Amino acid sequence: MHRKIRLKTYIMKAAGFLFLSMISAGFAQTGIRFSNTTVLDGNAFKNYENLSDIIYQPRLSLFHELSNEKGGIQFFYNGSAFLFTEFSARQYYYHNIGFSGQRWSDDGMRTLSWGLQGGQRFNKADYQYYDYQHADAYMNFQVDTQKGRIWMLGAQVRYRRNIELTEFNFLETLAFIRGSFFLKTRTTIMGRFQAGYKTFTESLINDEWVESFTGTGQMGRGKGRGIGDGTDSTYYNVVHVVSPQNSVFQLTGALRLAQSLGAKTGCAVEYTMQRNLDGGSRVLSGQDSGYETNDELFDDPYSYDMNDLSLELTQLLPWQSRLKIDAMFGRKKYSRPVYDLDGVVVEGLKREDTLRILGATLSKTISFKAIGKSMVLTLNYMYIYNNSNDDYYYYKSGMTRLGCEFTF
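Please read these numbers as outputs of a predicted model, since none were measured by experiment.

### Considering the overall build of the protein chain
Thought 1: Scanning the protein chain for helices and strands turns up one helix and 19 strands.
Thought 2: Taken across its 408 residues, the protein chain has 40% of its residues classed as buried.
Thought 3: Within the protein chain, counting contacts between residues at least 6 apart in sequence, those at least 24 apart form 61% of the total.
Thought 4: With the model as given, the accessible surface of the protein chain reaches about 22000 Å², and the carbon-plus-sulfur share is 60%.

### Remarks on the pairing of strand E1 (residues 27–41)
Thought 1: With 15 bridges connecting them, E1 and strand E2 (residues 53–68) associate as antiparallel partners. Each residue of the ladder has a partner; that of Ser-35, found in E2, is Arg-59.
Thought 2: Inspection of the sheet shows E1 paired to strand E19 (residues 395–407) by nine bridges, in the antiparallel sense. Directly across from Arg-33, in E19, lies its bridge partner Thr-407.

### Overview of the packing of aromatic side chains
Thought 1: Counted under the stated rule, the structure contains 15 aromatic pairs.
Thought 2: Taking the centre distance of 5.6 Å and the plane angle of 65° together, the rings of Phe-45 and Phe-87 count as edge-to-face. Within this pair, whereas Phe-45 is found in the loop between E1 and E2, its partner Phe-87 is found in the loop between strand E3 (71–84) and strand E4 (92–104), the two being separated by 42 residues in sequence.
Thought 3: Between the aromatic rings of Phe-84 and Tyr-291, the centroid separation amounts to 5.3 Å while the plane-to-plane angle is 75°, which identifies the pairing as edge-to-face. With Phe-84 in strand E3 and Tyr-291 in the loop between strand E14 (283–284) and strand E15 (304–317), this residue pair connects regions lying 207 residues apart in the sequence. The same class applies to Phe-84 as to Tyr-291, namely buried.
Thought 4: Here the aromatic residues Phe-45, Phe-84, Phe-87 and Tyr-291 are joined through ring pairs into a cluster of three or more.
Thought 5: The ring of Phe-45 is capped by Arg-90, whose NZ or CZ atom sits 4.0 Å from the centre of that ring.
Thought 6: The side chain of Lys-396 reaches across the aromatic face of Tyr-385, ending 5.2 Å from its centre.

### Quick look at the pattern of salt bridges
Thought 1: Under the criterion given, the structure shown has 13 salt bridges.
Thought 2: Between Lys-46 and Asp-41 there is a salt bridge, with the nearest N and O atoms lying 3.2 Å from each other. Grouping residues by exposure puts Lys-46 and Asp-41 together as buried.
Thought 3: Salt-bridge contacts for Glu-292 lead to Arg-121; the nearest nitrogen and oxygen are separated by 3.3 Å. Of this pair, Glu-292 sits in the loop between E14 and E15 while Arg-121 sits in strand E5 (residues 110–123), and the two are 171 residues apart along the sequence.
Thought 4: Arg-121 gets classed as buried once you look at its relative accessible area, which sits at 2%.
Thought 5: Salt bridges sharing partners connect three or more residues here, namely Arg-158, Glu-172, Lys-198, Glu-296 and Asp-300.

### Some remarks on unusual backbone geometry
Thought 1: At Arg-186, a position not held by glycine, the phi torsion is positive, near 60°.
Thought 2: The exposure class assigned to Arg-186 is exposed, which follows from its relative accessible area of 51%.
Thought 3: For Tyr-291, which is not glycine, the phi dihedral falls at a positive 65°.
Thought 4: Assessed through its relative accessible area of 14%, Tyr-291 is described here as buried.

### Focus on the pairing of strand E13 (residues 265–279)
A regular strand places its side chains on the two faces of the sheet in alternate fashion.
Thought 1: Looking at chain direction, strand E12 (residues 247–260) and E13 are connected through 13 bridges and run antiparallel. Paired with Leu-251 across the bridge in E13 is Arg-275.
Thought 2: Where E12 folds back onto E13 in an antiparallel hairpin, the turn is made up of four residues, including Gly-262, whose phi is positive at roughly 160°.
Thought 3: As defined by bridge partners, E13 adjoins E15 across ten bridges and the pair is classed as antiparallel. Bridging across to E15, Ala-268 finds its partner in Glu-312.

### Let's talk about the side chain of Thr-38
Thought 1: Positionally, Thr-38 belongs in strand E1.
Thought 2: Aside from chain neighbours lying at most four places away, what touches Thr-38 is Ile-54, Ile-55, Tyr-56, Thr-400, Arg-401 and Leu-402.

### Quick notes on a nonpolar patch on the surface
Thought 1: On the surface, Met-139, Phe-141, Val-143, Leu-153, Ile-177 and Phe-193 cluster together into a nonpolar patch covering about 510 Å² of accessible area.
Thought 2: Within the fold, Met-139 resides in strand E6 (residues 132–144).

### Digging into the side chain of Glu-172
Thought 1: Along the polypeptide, Glu-172 turns up in strand E8 (residues 170–182).
Thought 2: One polar contact links Glu-172 to Arg-158, side chain to side chain, over a distance of 2.3 Å.
Thought 3: A distance of 2.7 Å separates the side chain of Glu-172 from the side chain of Tyr-302, its partner in a polar contact.

Reading the values: the criteria
All residue numbers refer to positions counted from 1 along the written sequence of the respective chain. Note on the predicted model: pLDDT of at least 70 is required for a residue's local features to be given, and 80 or more for side-chain atom pairs to be given and counted; whole-chain, interface and lining totals, by contrast, use all residues. Here the side-chain values reflect all heavy atoms present in the structure, with hydrogen atoms and water set aside. Numbering of helices and strands runs from the N terminus, with a helix taken as a DSSP run of H or I at least four residues long and a strand as a DSSP run of E at least two residues long. Buried residues are those whose accessible area, probed at 1.4 Å on protein chains only, stays under 20% of the maximum for their type, while exposed residues exceed 50% and partly exposed ones sit between those limits. Residue contacts are defined here by distance: any two heavy atoms, one from each residue, within 4.5 Å place the two residues in contact. In these tables, accessible area is a Shrake-Rupley quantity obtained with a 1.4 Å probe, and a residue counts as shielded only by the protein chains included in the view. Two strands are counted as paired when DSSP detects at least two bridges linking them. Aromatic pairing here means that ring centres of Phe, Tyr or Trp (its six-membered ring) are within 6.5 Å. Orientation follows from the plane angle: under 30 degrees is stacked, over 60 is edge-to-face, and everything else is tilted. Think of it as a cone above the ring: NZ of Lys or CZ of Arg counts as a charge over the ring if it is within 6 Å of the ring centre and within 35 degrees of the ring normal. The term salt bridge refers to a side-chain nitrogen of Lys or Arg lying within 4 Å of a carboxyl oxygen of Asp or Glu. A patch consists of residues whose relative accessible area exceeds 30% and which take part in no salt bridge; residues with like charges are grouped when within 9 Å of each other, and nonpolar side chains (Val, Leu, Ile, Met, Phe, Trp, Tyr) when within 5 Å. Residues adjacent in sequence count toward polar contacts only when both atoms are side-chain atoms; beyond that, a polar contact is any pair of N or O atoms within 3.5 Å, and within protein one must be able to donate a hydrogen and the other to accept it.

Okay, structure coming up:
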């Protein structure tokens, strides 16, 4: 018992010393970063309905940095809005606050990085079941920084609490090892191996159920709440597809090869493999996505095995501009069955998707020498084709983004 107390005291003192050593006499900076992205999305909710919309995404970031020759720490706040033009009932807001730090060795190499943050998503009344709170913490160590190679170890813990759909609350623990090798041929090889364990904090009585939601007809069309048909209330069945198990264990491996083709041209190829070895995830089916990448409710990465191959070509252009062209081909095999458009199980089939993405991004940096600041303009186009044996998720989509970011 005394040993545990002494160990806890030692850890607290060490953490306090690390914190104070980072913020002691050094450089301080406070800044504001503002960006806005306009998205013309040909299939905003990524399903067979092909509903298009224009979404404005303003984002405000406030940060304060303290640093010296040994390391630094940054405190930050980020606030974002997702403003749908046509389906206004789906508008939502996201806020998060946190801090991150890093530690440098005597030769200028970063040996430690860490961070802690928390956030919350807020939706309008018809879609409050998308709302959630979360907390994330991570720590990365660079354990070997010899010339021509870098080895890194890292760990992350994530907790998410859904305000209404508490059956999907989870705690996730990740650990990874990554090696980067820099060859004299201007070739970079990077390998990453990651293990993840996701535990759902709420137990289930049934592994499948159907629930009725009430909508108000405020332009929020889609399966579930708020069908925009002009009526005061509309009832739709929503199928929740879940695993009776409370946890899932996943392994992920990635290998990336990048090659410089000249002073201003580079290309890269990356292969990723993902396998769920034990348990099953919980997924909300028959619902439109929440308009998030790797949506935890509607396309949880722990719900499928995956193989994907991606290609990138980057070209530096005159006038501080850059062009990037990328393509991705992936296959996903899900642990959940196929449902027809009425929510009825198609016997003998499990969902399988083949995903193809082709995109191009043109970016330009505009420098304001008088004030020592810059603005970045970005134009992106992405074409997505998801061929699924589940008709609900069979879709094609074209998406154009125009973005602008300025830091004060």
